[in-house]
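Descriptive analysis of the structure
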Amino acid sequence: NKPIGGMRIKKITTADLTGNEQIKRYYYGSDLNNLSRSTGKARIVEPAINYFESLTNVPNGEVSEEVSTLIANLNSNPLHDLYNAQGYHITYSTVIESNGNNFEGGATVHNFNTVPEIPPIHYRDPVMGTPFQNDFGNGEELKTTFYKNVGVFVKVSETNRTYITDTRLMSAMPAFRATKRSSSYINSAETYNLSVYGIRSQWRYLSSESETTYDQGAANGSTVTTNYQYDNALHFQPTVITTVLENAGSGTQHSFKTNMRYPQDYTFPGTLSGSAARIKGMVDKHIWNVPIEQLKSSI
């Protein structure tokens, strides 16, 4: 439990027009029994300057001469300060919210996805300051749990979420870095190294959400599970939403399905009039996230 610094919210106080105050306190411990056991993880420190020495043999008449070349790389990123010190992002896998000054209104526990950041390696040097990383999904809220305080904490509800990466929009594009070489060889020409690295992107979205509500004894939970489909990568909107209701202790389920169509889900052949012309007008004006048609059914 090494202490990790950084700015973070400690307390939020809000007041309505009559002066009534509501207080929320925040803790970054692992659970309600370990409020001070920090779940913070410091991001890697990216050095502003890294360098190395390269030795090569250069012909000089009938003999060859060993030449030392010092290569220095200066890296800057608008997200980071330009010095080699810990001053970067800190991620927390758990954030605990006190409803009231001392949990008198209960507690909310948030669990987040924290993915270790690994910098890309080009030859023997990291290419710092680039978005080529493997921490996609970092910061996604995986679980939210609500508790009431009756002298002890009793679970009221729990929501679990699943996220997926859509491979239709995974891509990588080449990027380049030029490094000037400084040589000790007196007759050497001005030379540069050209490095190639990749900039990756991913599309991640909420795939399913399952909320369980418990009775007074934190048992016999009724669960509502919602699944999302995104069938058209043109507009990134949910096209099918399926909801499954499972009653506690009864073993019965009720399922509902909603199909949705958006302006870009339609084709527009020939001369347009009426509704078709209006939908095409929405597409032309980039109004893509408004459902045009919804079909609800029970399964």
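Residues numbered from 1 in each chain as written. Predicted model: local features only at pLDDT ≥ 70, side-chain atom pairs only at ≥ 80, totals over all residues. Heavy atoms only, no water.

**Considerations on the overall build of the chain**
Helix and strand content of the chain: one helix and 19 strands. Burial statistics for the chain: of 299 residues in total, 32% are counted as buried. Contacts spanning at least 24 positions in sequence make up 54% of the contacts within the chain whose residues lie at least 6 apart. Accessible surface, the chain as shown: approximately 18,800 Å² in total, 53% of it carbon and sulfur. (Helix = DSSP H or I, 4+ residues; strand = E, 2+ residues; numbered from the N terminus. Buried < 20%, exposed > 50% of the residue type's maximum accessible area, 1.4 Å probe, protein only. Contact = heavy atoms within 4.5 Å. Areas by Shrake-Rupley, 256 points an atom, 1.4 Å probe, with all protein chains shown as cover.)

**Considerations on the confidence of the model for the chain**
Summarising the model, the chain shows a mean pLDDT of 80, and 70% of its residues fall at 70 or more. The low-confidence segment residues 122–126 (pLDDT under 50) makes 15 contacts with residues lying over four places distant or belonging to another chain. Low confidence marks residues 128–132, where pLDDT is under 50. Its contacts with residues over four positions away, or in another chain, come to 17 contacts. (pLDDT = per-residue confidence, 0-100.)

**Overview of the pattern of salt bridges**
Going through the model one piece at a time under the given rule, you end up with six salt bridges. In this structure, Glu-140 engages Arg-204 in a salt bridge whose closest nitrogen and oxygen atoms are separated by 2.7 Å. Residue Glu-140 is located in the loop between strand S12 (125–126) and strand S13 (141–149), and its partner Arg-204 is located in strand S15 (residues 191–213); the two are separated by 64 residues in the primary sequence. Classification of Glu-140 by relative accessible area gives buried; the value is 12%. With its nearest N and O atoms 2.6 Å apart, the salt bridge here joins Asp-166 to Arg-168. The exposure class of Asp-166 is buried, given its relative accessible area of 8%. Accessibility expressed as a relative area gives 41% for Arg-168, which makes it partly exposed. (Salt bridge = Lys/Arg side-chain N within 4 Å of Asp/Glu carboxyl O.)

**Here we look at the nonpolar core**
Among the nonpolar cores identified, the biggest contains five residues, and these are Leu-32, Ile-96, Phe-103, Ala-107 and Val-109. Beyond its immediate sequence surroundings of up to four residues, Ala-107 is in contact with Leu-32, Glu-97, Asn-99, Thr-145, Phe-146, Tyr-147 and Phe-153. (Core = buried A, V, L, I, M, F, W, Y, C linked by side-chain atoms within 4.5 Å.)

**Brief notes about unusual backbone geometry**
One non-glycine residue, Phe-103, adopts positive backbone phi at about 65 degrees. Within the fold, Phe-103 resides in the loop between strand S9 (94–99) and strand S10 (107–112). Overall, Phe-103 belongs to the buried group, its relative accessible area being 5%. In the Ramachandran plot, Phe-236 falls in the positive-phi region, its phi being about 65 degrees despite a non-glycine side chain. Residue placement: Phe-236 occurs in the loop between strand S16 (222–229) and strand S17 (240–246). For Phe-236, a relative accessible area of 39% puts it in the partly exposed group.

**Some thoughts on the pairing of strand S2 (residues 21–27)**
Strand direction decides the pairing type here: strand S1 (residues 11–15) and S2, joined by five bridges, are antiparallel. Residue Ala-15 lies in a different strand from S2, and its bridge partner there is Glu-21. Pairing between S2 and S9: three bridges, direction antiparallel. By the bridge assignment for S9, Tyr-27 is matched with Ile-96. (Pairing = 2+ DSSP bridges.)

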